[in-house]
Amino acid sequence: MTVETRLNDVNIEAVGALVAAITEDSAKAKTTWASHVTWRGGFQSTARVRAFAETASDEPPALGGQDTAPNPVEQLLSALGNCLAVGYAANATVAGIPLDSVAIDLRGDIDLHVFLGLKQGHAGFDSITAKVRIASPAPAEDIVALPQRVIASSPVGHTLGNAVPVSVELA
């Protein structure tokens, strides 16, 4: 009989099996992720990832959209927040820290001059701030140690924090 141990609803055995597989064959650590985006008219588009329902995107009226869905920069903030949430669940679980809840509020500042073609320069976020609230029965010193481990292992956080080559080409 196999007993499955779960903390924070994380399947520790599955993660352990992946770690073992990558330790045995480092080529298994190289992964590729994909998304297919289709323009729907105006500033609306949808993204399809694997077999999941499409995710809509639009701009607010002040930016010329219909405000039918979050815009791309809001989705980027959400991607970072979701990645951090995974990181907190994973790192807390590995450390044996039970979590009652994790809530992350993200904010980013963008100067629209470049986006609107009024200036040359950086069109992206000038800064991003994430405020994390954790409820846990664990000692405060255990919780305080989590952010450093989470930030050190966040794929989305690392992608945003470092220059990553982006190639856009017509097919």
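Residues numbered from 1 in each chain as written. Predicted model: local features only at pLDDT ≥ 70, side-chain atom pairs only at ≥ 80, totals over all residues. Heavy atoms only, no water.

Moving on, we get to the sheet that holds strand E3 (residues 36-41). The strand order E3-E4-E5 describes an open sheet built from 3 strands, whose pairing is antiparallel. For this open sheet the edge positions go to E3 and strand E5 (55-57), each flanked by a neighbour on one side alone. Neighbour-to-neighbour, the strand axes of the sheet open up by a mean angle of 25°, direction not taken into account. With 5 bridges connecting them, E3 and strand E4 (residues 44-48) associate as antiparallel partners. Each bridged residue has a counterpart across the sheet, and for histidine 36 the counterpart in E4 is arginine 48. (Pairing = 2+ DSSP bridges. Helix = DSSP H or I, 4+ residues; strand = E, 2+ residues; numbered from the N terminus. Axes fitted to C-alpha atoms, helices over the stretch in contact; angles between N-to-C directions.)

Turning our eyes to something else, we now look at helix H2 (residues 72-94). With 23 residues, H2 extends 33 Å between its outermost C-alpha atoms, agreeing within 8% with the 33 Å of an ideal straight helix rising 1.5 Å per residue. All of the buried residues in H2 are Leu77, Leu80, Gly81, Cys83, Leu84, Gly87, Tyr88, Ala89, Asn91, Ala92 and Thr93. Measuring from the backbone nitrogen of valine 73 back to the side-chain oxygen at the start of H2 gives 3.2 Å, which picks out asparagine 71 as the cap. At the C-terminal side of H2, glycine 96 shows a positive phi close to 75°. (Expected span 1.5 Å × (residues − 1). Buried < 20%, exposed > 50% of the residue type's maximum accessible area, 1.4 Å probe, protein only. Polar contact = N/O pair within 3.5 Å; in protein donor to acceptor, adjacent residues only side chain to side chain.)

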